[in-house]
Amino acid sequence: MFKSVLRSCVVLAACIFLAACSPKLNWRTVQSPEQRYTALFPGKPDKLERLIPYQDQEFKQTLEAVKIDDDIYSISSLQVPSNQSDSAQKIIDQLHSNLLERAKASGGTVLTEDVFYQTGSRQRFPIKDYFIAFSSNGKVQQAMRVRWIVRSVEGSGIWIYQVSVLHANADISDAKVALSKEEYANFFNEFHPE
């Protein structure tokens, strides 16, 4: 009887140990040569492609995203040909206004922070991170951290990247504090466009 109790305890301890060793965030480096970036995702992302209509033209958008519990980690990339470079700033302005105006219309908040991103060749450039709280009935429902990066690549036009984390079921008072935790910061800091 003592041996069977001991064996049960050993098996239970082994199961608990194994469960503790299987993290929900399974970080992996994802290389996306067609979209010209390397990123660190907390799981294997799904990849979607679609054409985005803008005025009288269409641009190819690629989205890589993974959902972990209440969080969606995503990177969207859009290529604007060199001969249409004047459209790039208009697209960025539209992306900004769509998201930021939606937050303000919901009664939410938008905070910014000056940060840096690093390219694949280790160059650092200043950029802004946006911390957005979307509200409903006076209560925060979703929180989002987003970064827009515009890169001109010789022979490849202009690339627009949107790196973001959307946290659903948010019961947080400060989106900036909540989305600056290590699991989110790693995702943003390890995005490296060419």
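Residues numbered from 1 in each chain as written. Predicted model: local features only at pLDDT ≥ 70, side-chain atom pairs only at ≥ 80, totals over all residues. Heavy atoms only, no water.

**Considerations on the sheet that holds strand β8 (residues 139-153)**
Filter applied, for reference: When DSSP finds two or more bridges between two strands, those strands count as paired. The secondary structure listing takes helices from DSSP runs of H or I that are at least 4 residues long and strands from runs of E that are at least 2 residues long, numbered from the N terminus. Only C-alpha atoms enter the line fits that serve as axes; for helices the fit covers just the stretch in contact. Angles between N-to-C directions range over 0 to 180 degrees. Whether two residues are in contact is decided by their heavy atoms, any of which lying within 4.5 Å being enough.
Taken in spatial order, the seven strands of this open sheet run β3-β4-β5-β9-β8-β7-β6, and their pairing is antiparallel. Whereas interior strands pair on both sides, the edge strands pair on one side only; in this sheet they are β3 (46-54) and β6 (109-118). In this sheet, adjacent strand axes meet at a mean angle of 20 degrees when their direction is disregarded. Pairing between strand β4 (residues 57-68) and strand β5 (residues 71-80): eight bridges, direction antiparallel. By the bridge assignment, Ala 65 is partnered in β5 with Ser 74. This element, helix α2 (residues 85-105), spans β3, β4, β5, β6, β7 (124-136), β8 and β9 (157-168) of the sheet and lies at about 35 degrees to β7. On top of the sheet, helix α4 (residues 182-189) reaches β5, β7, β8 and β9; it is set at about 170 degrees to β9, its chief contact.

**So, the packing of aromatic side chains**
Spelled out, the test is: By convention, a stacked pair of Phe, Tyr or Trp rings (six-membered ring in the case of Trp) has centres within 6.5 Å and planes under 30 degrees apart, an edge-to-face pair has planes over 60 apart, and any other such pair is tilted. Under the scheme applied here, a residue whose accessible area is under 20% of the maximum for its type counts as buried, over 50% as exposed, and between as partly exposed, the area being computed with a 1.4 Å probe on protein chains only.
Following the criterion strictly, the structure yields twelve aromatic pairs and no others. Here the aromatic rings of Tyr 37 and Tyr 161 are separated by 5.8 Å at their centres, their planes lie at 90 degrees, and the arrangement is edge-to-face. Separated by 124 residues along the polypeptide, Tyr 37 in strand β2 (residues 37-41) and Tyr 161 in strand β9 bring together distant segments of the chain. Overall, the relative accessible area of 4% leaves Tyr 37 in the buried class. Ring plane angle 45 degrees and centroid distance 6.4 Å describe the contact between Tyr 54 and Phe 59, whose orientation is recorded as tilted. The class of Tyr 54 is buried, set by a relative accessible area of 10%. Ring-pair connections join several aromatic residues into one group, and the members of that group are Trp 27, Phe 41, Tyr 73, Tyr 184, Phe 187 and Phe 188.

**A closer look at the sheet that holds strand β1 (residues 28-32)**
Strand-to-strand pairing in sheets goes through backbone hydrogen bonds, with the strands running parallel or antiparallel. Strand order in this open sheet of three strands is β1-β2-β10, and the pairing throughout is antiparallel. Edge positions in the sheet fall to β1 and β10 (192-193), since each has one partner strand and no second. Where β1 lies against β2, five bridges are found, and the strand directions are antiparallel. Paired with Ser 32 across the strands is Tyr 37, a residue of β2.

**Brief notes about the confidence of the model for the protein**
Condition: Per-residue confidence from the predictor is reported as pLDDT, a score between 0 and 100.
Scored by pLDDT, the protein has a mean of 84; 86% of the residues are at 70 or more. Below a pLDDT of 50 lies the segment residues 1-22, which in the model reaches zero contacts outside its immediate sequence neighbourhood of four places, other chains included.

**Side note on α4**
This is how the line gets drawn: Note that the arc is computed from the directions linking the helix axis to the C-beta atoms.
Those residues of α4 lying buried are Tyr 184, Ala 185, Phe 187 and Phe 188. In a view along the axis of α4, the buried residues occupy a sector of 160 degrees, so they form one face of it. Considering only its buried residues, α4 is in contact with β2, β5, β7, β8, β9 and α3 (175-178).

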